[in-house]
Amino acid sequence: MEDLIASAKKEVLIEMVKLAQKRGMSGTKGTWKDFLKSYDSKFGSSLSDPARRSVDSLNEFLKSFTKDDDLKFFEKVLECYSNRDEVELIKKSSPDNETAEQKLVRLTYENPMYPVEYSFPSYEDEWLTIKPRKKSKAMKSTEIIAIDCEMVLCEDGSEALVKVCAVDRNLQVKLDRVVNPNKAIADYRTEITGISAEDLEGVTYSLKDVQKSLKKLLSHGAILAGHSLNNDLLAMKVDHKRVIDTSYVFKYANMPINKKASLSLLCKAMLGYELRKTGSPHNCLDDACAAMKLVLALLEGKIDEVIAEKFKEPEMAKLLVHRIPANFDSSDLKSILSGNFSIETKMDKVMKNSTYKAYAIFKNYQEAFDAFDNLKGDLEKDSCGRPQKIVTFNLDSGLTGTLCVCKIYSEDYVGGKLTRKRLVEDDDSGVTKKLKTDENLEPVEERETHLKEIDRLKKELCETHLKEIERLKKELSERDAQISILTKLNVALARKQGL
């Protein structure tokens, strides 16, 4: 592993360190900031941006990891970059050999988020890594399978697969099954999944069965396509190399590359039809077909990858509800928050105390803020300085506890008017600035300490620079005086010699 890290490009090392930060990983020298405190006595952790650090410092930090799982994770990240390099090499060395299908695979790999979102923990138990039977033929295969999944929230705080659908290039159904999570379910998310407890009665089809079915479909080198496909692969615990992610391939004109469009918007903008009515639950099979139709339209040259500017996701105002107990059904938020809103649950990648978060999505900011103001609870500020209320609930079911409701909005929201796109969005939207809850932000006091240290260093550097400038001025002045004396001596000597 040390050799692989030593030979990696700086951009790869930077991403690996950022991922280690995001996952809260610690090596033998602690976290990234702990490492910097001991590695750099001058700046310490005040200069914590990996992009501003040397290759040597990045290497030293990554070499401090010795646990098998950590090393396997970094190996997976390097594999994602290797996949990108491999398809790029095919494009450069033999562009005529790149099929239209392989081009879409390459576009997926080239997205900046690919190494981040596709570095799966496939080394863990219950995971299946699909490897083609004949590698040489696999890269040339043009077979495509499109897939979509639905997930439920379990009482242990995890998400579990509950529905999976797959279609081929002819839109023929290859897989359409309800899956028994074999776990206690806290929230069926029926308003999204369309699945209820009754739908699981008598179901024996399991995650293992899903993996067996996919292995049969993909082992000949077929490409797996989908929208935000990484979420589906994570739910199925399947790692597959050749993928086309339509949320990566399609991009907005004049917008950040990681700004993702929803599947519904792509269907409307690119294919000219409504995927589903607003507020309707997802249809797993329809979504799989939609992903395949988008891919086929690209392959046939009917559309390109750029989304017209007139098609934009509608602006929606949200309240963040977090620290929700895992056994709390998200639909019960209707009894806590006032107003008309939809609910979108999100699972934290690192679960703490078996809680999760959700968004209450309103039509506009005024409705969202009214709902927040009507809440009964202790008002405080989260670590970002945003208004937050600690709400105590006592449900009819007998469940009691507390949760947090946070007001999220752009700093440019002034006087009831939003002057530019909000800075805080949910993870799936793909905008550049993701929501940071108080669980994963450093304390305010620590940030203030860092800012003071930066100011001190700036002042110290300025004073040093000023002293150096004065020294150089003095030196130049002395040299000018010496030159003036030498000039006078030369003139005097010339006159004396009668020149």
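Everything quoted here is computed from the prediction, not taken from an experiment. (Residues numbered from 1 in each chain as written. Predicted model: local features only at pLDDT ≥ 70, side-chain atom pairs only at ≥ 80, totals over all residues. Heavy atoms only, no water.)

**Quick look at empty space enclosed by the protein**
Move 1: Inspection of the entire model under this criterion finds one cavity of 30 Å³ or more.
Move 2: Taken as a whole, the largest cavity spans an internal volume of roughly 60 Å³.
Move 3: Elements that contribute at least two residues to the lining of the largest cavity include exactly helix H5 (68-93) and strand E7 (238-240).
Move 4: With four residues, the single largest contributor to the lining of the largest cavity is H5.
Move 5: Residue composition of the lining of the largest cavity, by class: five nonpolar, two polar and four charged. (1 Å grid on protein atoms, 1.4 Å probe; cavity = no way out; pocket = protein on both sides within 12 Å on 5 of 7 lines; lining within 4 Å. Points joined across faces, edges and corners; volume = space filled by probe spheres on them. Helix = DSSP H or I, 4+ residues; strand = E, 2+ residues; numbered from the N terminus. Nonpolar A, V, L, I, M, F, W, Y, C, P; charged D, E, K, R; others polar.)

**A short note on unusual backbone geometry**
Move 1: Even without being a glycine, glutamate 126 presents a positive backbone phi close to 75°.
Move 2: Positive phi, normally seen in glycine, also occurs at lysine 237, with a value near 55°.
Move 3: Tracing the chain through its elements places lysine 237 in the loop between helix H11 (229-236) and E7.

**Quick word on the pattern of salt bridges**
Move 1: According to the stated counting rule, one finds 16 salt bridges in the structure shown.
Move 2: One salt bridge in this structure joins lysine 76 and glutamate 79, with 3.1 Å as the shortest N-O distance. Linking lysine 76 with glutamate 79, this pair stays in helix H5, spanning three residues, or about one helical turn.
Move 3: Judged by its relative accessible area of 7%, lysine 76 falls in the buried class.
Move 4: Shared partners join several salt bridges into a network, and the residues in it are Lys76, Glu79 and Asp239. (Salt bridge = Lys/Arg side-chain N within 4 Å of Asp/Glu carboxyl O. Buried < 20%, exposed > 50% of the residue type's maximum accessible area, 1.4 Å probe, protein only.)

**Thoughts on the nonpolar core**
Move 1: Formed by 90 residues in total, the largest nonpolar core has its most connected members in Tyr118, Leu233, Met236 and Ile307.
Move 2: Sorting elements by how many residues they give to this core places helix H14 (residues 284-299) first, with 10 residues.
Move 3: Those residues in contact with tyrosine 118 that sit more than four places away from it in its chain are Lys76, Cys80, Leu229, Asn230, Leu233, Val243, Asp245 and Tyr248. (Core = buried A, V, L, I, M, F, W, Y, C linked by side-chain atoms within 4.5 Å. Contact = heavy atoms within 4.5 Å.)

**A word on the packing of aromatic side chains**
Move 1: Summed over the entire model, instances satisfying the criterion amount to 15 aromatic pairs.
Move 2: Aromatic pair tyrosine 109 and tyrosine 114: ring centres 4.8 Å apart, planes at 35°, arrangement tilted. Each member of the pair, tyrosine 109 as well as tyrosine 114, is classed as buried.
Move 3: Measuring from ring centre to ring centre gives 4.9 Å for phenylalanine 328 and phenylalanine 393, while their planes differ by 65°; the resulting arrangement is edge-to-face. One end of the pair, phenylalanine 328, is in the loop between strand E11 (317-325) and strand E12 (342-346); the other, phenylalanine 393, is in strand E15 (residues 387-394), and 65 residues separate them in sequence.
Move 4: By relative accessible area, which is 0% here, phenylalanine 328 ends up buried.
Move 5: The rings of Trp32, Phe35, Tyr39, Phe61, Phe65, Phe73 and Phe74 are connected pair by pair, giving a single aromatic cluster.
Move 6: For the cation-ring pair, arginine 23 lies above phenylalanine 73, with the distance from its terminal atom to the ring centre recorded as 3.9 Å.
Move 7: Lying over the aromatic face of tyrosine 205, arginine 177 brings its terminal NZ or CZ to 3.9 Å of the ring centre. (Phe/Tyr/Trp six-rings, centres within 6.5 Å; stacked < 30°, edge-to-face > 60°. Lys NZ or Arg CZ within 6 Å of the ring centre and 35° of its normal.)

Note that all results are geometric; they support no functional claim without further evidence.
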